[in-house]
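# Reading the structure
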Amino acid sequence: MTIKKLNSIFRPKRIALIGVSNNPDSVGGITLRNLVGGGYNGVIYPVNPKREAVFGIPCFPDVKSLPKTPDLAVIMTAAKFVPQLIRECGEAGIHGVIIMSAGFKESGSEGKALEEQVKAEKAKFPNMRVIGPNCLGILVPGLNMNVSFATGMPKKGHVAFISQSGALCTSVLDWAYESNIGFSYFVSIGNSMDVNFGDLIDYFGQDPNTKSIVLYVESLSDVRTFMSAARAFSREKPIIVYKSGRFPESAAAAASHTGAMASEDSIYDAVFRRAGLARVFEFGNIFDFTDLVGRRRIPRGNRLAIVTNAGGPGVMATDSLISMGGKLVTLSDDTMKKLNDYLPPFWSHGNPIDVLGDATPERFAKATEIVLEDENVDAVLVLLTPQAMTAPTETAESISKLASKTTKSIMAAWLGGLSMHEGIQIFNNAGISSYTHPEQAIRAFMTLSNYSQNQEMLYETPEEVPVSFKYDRNELREKYLKEVFPKARILNEDDSKMLVNDYGIDTTHPTPTATEDEAVAIAEQKGYPVVLKIYSPDITHKSDVGGVALNIKNEEMVRATFRNMVKTAAAKRPDAKIEGVTVQKMVDTRDGIELIVGTKKDPGFGTVMLVGMGGTTAELFKDNRLEFPPLNEKLANQMLRSLKIYPLLKGYRGDTPKNIEKLIETLIRMSYLAADYPEIKELDINPLIVTPSDVIALDARIVVDEEVMQNPVKEYSHLI
Ligand SMILES: Nc1ncnc2c1ncn2[C@@H]1O[C@H](COP(=O)(O)OP(=O)(O)O)[C@@H](O)[C@H]1O
Ligand SMILES: [Mg+2]
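Residues numbered from 1 in each chain as written. Chains lettered and ligands numbered in written order. Predicted model: local features only at pLDDT ≥ 70, side-chain atom pairs only at ≥ 80, totals over all residues. Heavy atoms only, no water.

The subject of this paragraph is the packing of aromatic side chains. Applying the stated criterion across every chain, the model contains 22 aromatic pairs. Between the aromatic rings of F161 and F183, the centroid separation amounts to 6.3 Å while the plane-to-plane angle is 75°, which identifies the pairing as edge-to-face. Taken together, the positions of F161 in strand 10 (residues 156-163) and F183 in strand 11 (residues 183-188) put the pair 22 residues apart, joining distant regions of the chain. Note on F161: relative accessible area 0%, which makes it buried. (Phe/Tyr/Trp six-rings, centres within 6.5 Å; stacked < 30°, edge-to-face > 60°. Helix = DSSP H or I, 4+ residues; strand = E, 2+ residues; numbered from the N terminus. Buried < 20%, exposed > 50% of the residue type's maximum accessible area, 1.4 Å probe, protein only.)

Rendered as C-alpha cells:
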C-alpha cells in the first residue's frame, strides 16, 4: 500500500509543477529546465495562474484545470500558499506531492505553525504522501528524471541516497561523479513532515534496482519506524549512515552519571548498531565504503593480511589498523611454509607480508593467493609503491585475476599518481576496491568489519525472560509506584537499592539513623567493618561533601565519623537538610572491579541502558556502551566485550577472572527493571562491584520522572 503510494512520487507518468516561473534562476525555473532538459519521458504540466506559458510551454491556472490527474505535484511557491495548494491537490486526487518551498519548521515558530496547517490539510487525504517541505527534490537517473533544483544528472546505478540536508545533496552529486558511483534514487527529504527515512528504507528496500542505501542523517524523528524498516532490510541491502552533529556543545544537565554519559551521539550509535547499519564517521568515507560493501564480499571478522612491496606503507597500514581496533592476522604454519618456499629469503617472515622492492607481478599475485587461502584471514589489502622494478599496471592485472577465485575481500592501495591510473581502472573493472592511501583502505575495511558484526547482532531479539524473579513484578510495581516513587524526585540510596534488590541484584543494605548511639547499635548488628554515608534528601553525590567513610572498624570510629561527617556535610552544604547517616556493611573490593550500570530515558529514543567503567572517574574515561532494553545473554555479553576494561574482567595478567556470568545476569535483570518502569528517568548503580564470586551494587540512585507519575503512560511505551 505504502509502496504503491510512493510510486506516484518516484515513478510518475504525469508531473504538475506548481509555481513555475520564467526566471531561469528561480527554484521553479531551474526545476522545469532540469526536468525538460534531463530527458524525462512523461507529461509535464506547468501550473501558474499569472502566465500563459513558461519557456514556451503552456501553463494551467490551477490543478483542477489539468486535462488528466497528475501522479505527482511539485510545489515551489511561497510558503504561505502551500496549505491551500495541498487542499487543491488532494481534491484533484493527486497522490504524490513534493514541497520544495522553504519557510516552515526550520524557520521558527510562525513557520512551524504553517507546517502544522499543511499537515492538517494533508490529513484530509489519506491517500496522499508528501516529501518535504524545505527540500531540494528527487532524482531518478533510471527515468532520466530530475525533479530538483540541483543541476546535472548522476549516473544510473544501484545506490539510493537519502539526505536530510538539501545543501549537501549538491556536494554529494559532485563527489559521486568523481567516485564513479551511480544512483537508483537520490532524495532530499527536507523537514520530512510525512515521508521519513523509515518509509524510504521500506520503499528502496523492496526496489530491485537498489542494492545499497546511503543516509545522511541530522536527526531522526520517528525512531520506531526507522528501526523496524532498517532491521527488515539491512540484512539484504547494506544501509550506510553518516550522522552529522556528533558533539553537541552542551549536553542537557543530568542528575546521574549515566545521564551525563549517555550522550545523544552514543544513543544514535546504539540505534545504528542495533539496526544492522554501517556507520561512517567522515563524509568522504561514505563512497569508499559504499563501493567496498557493494562488492558484496563481507568479511566474517576483522583479521586482515597486508601484502606490500615496501616496509613503510605496511607499517602505516598496520598503525591505522590497530588504532581503529582491527587485528593483524597471525599467519598459519602452513601459510608460512608456502611463503617461505616461494618468496626470496629476505621477505618479512610475517604479516605484513613484505614481498620486497623487486617484486614482479607474479610474485605479488602468488603471495596474495597463498595468503587468501589461509583460513585465519578475513580479507587482504595489497599495497604497491612504485619502485625501479615495479610494474603497477601488470601487477594490478595479475591481482585482479584472483578476485574470481575467492569469496574474500581483496582491497588494493596503489600509492602514487599518474602511473597508477591504469592499474586503478583495472581494479575498478575487476570489482576490486582501490584506494589512494593505506589509511583510507583500512578505514573502509574497519567499517566493513564493524558492519558485519552489527549484522550478526540483527538476529538477536530478546524473547523470553532468561532469568527468574523472586517476586511478581506487577505487584512490585504497584507497591513502588504507590509507596516509594512519590517520596522524592531523586530516591535515596536505601529506597533505590531496595528496588534493585527486589529484581534479584545483590546490594548492600544501608540503614538510616539520626543518632550516634543508634548508628553504633546498627553497626554492631551488621558486623564490622562498616561504611557510613551521609543521609540527606538533598545530597545525591555523597563523596563530594565528605559523605562517605569506608572501613569503619569499631564503636569509637563510628562515633567520631558520625559527628565529623554530619558537621562537614552541613558546612559544605548549608542548604541541605541532613537527617543523619546510613550504616551498611563494608564490602571487600580489593579483588573487584568497579563498573557503572545505568539507564536513562531519552525523549526521542526511550530508555537506554549503559554499562561501563565505574567509580568516581567514570565520566573522565568514558569507557562505556549503550544498548536498548530488554537484553538477552548475547547482547549483554557483547556490551561487556566492547569495553576497554573487558580484559580486566577476564583476569588480566594472571589476575583471577571476575564472575562475568553473574554480571551478565545482573545486566539482564537491570534491563527488565528498566523495561518495567517508564516512571524511571535515570537510574545509576555506581559502583557495581564485580569480584571473582559476586556482583554487588554498592550505591544506587533513581531519578523519578515526575511527569509520567502524574500522567501515566502505556506500558513499554518508553522502549523502541
Ligand atoms: N558498602 C561499601 N563497601 C565498600 N566500598 C564502598 C561501599 N559503599 C561505597 N563504597 C566505595 O565508596 C565510593 C563512594 O560511595 P558512593 O556510595 O558511590 O557515593 P557517591 O554518592 O559519592 O557516589 C564508591 O565508589 C565505592 O568505591
Ligand atoms: Mg556512587
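Next comes the rest of the description.
What follows deals with the pattern of salt bridges. The tally for this structure, following the rule as stated, stands at 36 salt bridges. A salt bridge links E282 to R443, with the shortest nitrogen-to-oxygen separation between them at 3.8 Å. Placement of the pair is E282 in the loop between strand 14 (278-280) and helix 10 (285-294) and R443 in helix 16 (residues 438-457), with a sequence separation of 161 residues. We classify R443 as partly exposed; its relative accessible area is 27%. Salt bridges linked by common partners bring E493, K497, K533, K542 and D699 together as one network. (Salt bridge = Lys/Arg side-chain N within 4 Å of Asp/Glu carboxyl O.)

Within the element layout of this structure, N196 appears in the loop between strand 11 and helix 6 (197-205). Sequence-wise, N196 and T225 are 29 residues apart; in three dimensions their C-alpha atoms are separated by 8.8 Å. Excluding residues within four positions of it along the chain, N196 makes contact with D222 and T225. Only 3.1 Å separates the side chain of N196 from the backbone nitrogen of G198, close enough to count as a polar contact. From its side chain, N196 meets the backbone nitrogen of D199 in a polar contact 3.0 Å long. (Contact = heavy atoms within 4.5 Å. Polar contact = N/O pair within 3.5 Å; in protein donor to acceptor, adjacent residues only side chain to side chain.)

Turning to the coordination of the magnesium ion (ligand 2), a few remarks are in order. Bound to the magnesium ion (ligand 2) on the protein side are N686 (O) and D699 (OD), at distances that span 2.2 Å. One end of the pair, N686, is in strand 30 (residues 680-690); the other, D699, is in the loop between strand 31 (695-697) and strand 32 (700-704), and 13 residues separate them in sequence. Side by side, N686 and D699 carry an identical accessibility label, which is buried. (Donors = N, O, S within 2.8 Å, 3.2 Å for Na, K, Ca; no water.)

Before going further, it helps to spend a moment on the site of ligand 1. The immediate surroundings of ligand 1 are formed by 20 residues, with K533, K542, S543, E594 and D699 found nearest. K542 places a polar main-chain atom, nitrogen or oxygen, 2.8 Å from an oxygen atom of ligand 1. Contacts to ligand 1 include R701, whose side-chain N or O atom sits 3.5 Å from an oxygen atom. (Near = heavy atom within 4 Å.)

This next bit is on helix 11 (residues 311-323). With 13 residues, helix 11 extends 18 Å between its outermost C-alpha atoms, agreeing within 8% with the 18 Å of an ideal straight helix rising 1.5 Å per residue. Within helix 11, burial applies to P313, G314, A317, T318, S320 and L321. Seen from one end, helix 11 has its buried residues packed into an arc of 165°, which puts them on one side. In helix 11, those exposed residues whose orientation departs by more than 90 degrees from the buried face are D319 and S323. With its phi angle positive at about 90°, G325 sits one or two positions after the end of helix 11. (Expected span 1.5 Å × (residues − 1). Arc of directions from axis to C-beta.)

Close contact between helix 14 (residues 392-403) and helix 15 (residues 421-430) brings their axes to 8 Å; oriented N to C, the two are set at 10°. It follows from the interaxial angle that helix 14 and helix 15 lie roughly parallel. In this structure, helix 14 crosses over helix 15, and the sense of that crossing is right-handed. On helix 15, the residues touching T393, A396, E397, I399, S400 and A403 of helix 14 are E422, G423, I426, F427 and A430. Partitioned by chemical class, the residues of the contact of helix 14 with helix 15 number six nonpolar, three polar and two charged. (Axes fitted to C-alpha atoms, helices over the stretch in contact; angles between N-to-C directions. Parallel < 35°, antiparallel > 145°, perpendicular 65-115°, else oblique. Left-handed = near helix turned anticlockwise from the far one by under 90°. Nonpolar A, V, L, I, M, F, W, Y, C, P; charged D, E, K, R; others polar.)

Here G431 shows up in the loop between helix 15 and strand 20 (433-435). Measuring from C-alpha to C-alpha, the distance between G431 and S717 comes to 46 Å, with 286 residues separating the pair along the chain.

On to empty space enclosed by the protein, then. For the structure shown, the criterion picks out four cavities of 30 Å³ or more. In this structure, the largest cavity occupies an estimated 150 Å³ of space. At the level of elements, strand 21 (490-491), helix 18 (493-502), strand 24 (530-535) and strand 32 are the ones that each hand at least two residues to the lining of the largest cavity. It is strand 24 that contributes the most residues to the lining of the largest cavity, three residues altogether. In terms of residue class, the lining of the largest cavity is made up of seven nonpolar, four polar and six charged. (1 Å grid on protein atoms, 1.4 Å probe; cavity = no way out; pocket = protein on both sides within 12 Å on 5 of 7 lines; lining within 4 Å. Points joined across faces, edges and corners; volume = space filled by probe spheres on them.)

Within strand 1 (residues 14-18), four of the five residues are buried, leaving the element largely enclosed by the surrounding structure. As paired elements, strand 1 and strand 2 (residues 43-47) share five bridges and run parallel to each other. Looking across to strand 2, one finds that R14 is bridged to V43. After leaving strand 1, the chain enters helix 2 (residues 27-37) and then returns to the sheet as strand 2, a path that is right-handed. (Pairing = 2+ DSSP bridges. Right-handed = clockwise from strand over helix to strand, strands pointing away.)

A separate point is the domain arrangement of the chain. Segmenting the chain into domains produces domain 1 (2-244), domain 2 (297-457), domain 3 (462-508 + 588-720) and domain 4 (509-586). Of note, the centres of domain 1 and domain 4, computed from C-alpha atoms alone, are 64 Å apart. (Domains from an automatic or database assignment.)

Reading across the sheet, the seven strands line up as 9-8-11-10-12-13-14 and stay open at both edges, with mixed pairing between neighbours. The open sheet has two edge strands with one neighbour each: strand 9 (145-148) and strand 14. Pairwise comparison of adjacent strand axes, ignoring direction, gives a mean angle of 15° for this sheet. Inspection of the sheet shows strand 13 (residues 239-243) paired to strand 14 by three bridges, in the parallel sense. Residue pairing in the sheet places V241 in a bridge with R279 of strand 14. Relative to the sheet, helix 9 (residues 264-274) contacts strand 13 and strand 14, its axis offset from that of strand 13 by approximately 175°.

Here we come to the environment of D502. Tracing the backbone shows D502 in helix 18. Distance from D502 to F469, taken between C-alpha atoms, is 8.3 Å for residues 33 residues apart in sequence. Beyond its immediate sequence surroundings of up to four residues, D502 is in contact with Y471, L476, K479 and Y480.

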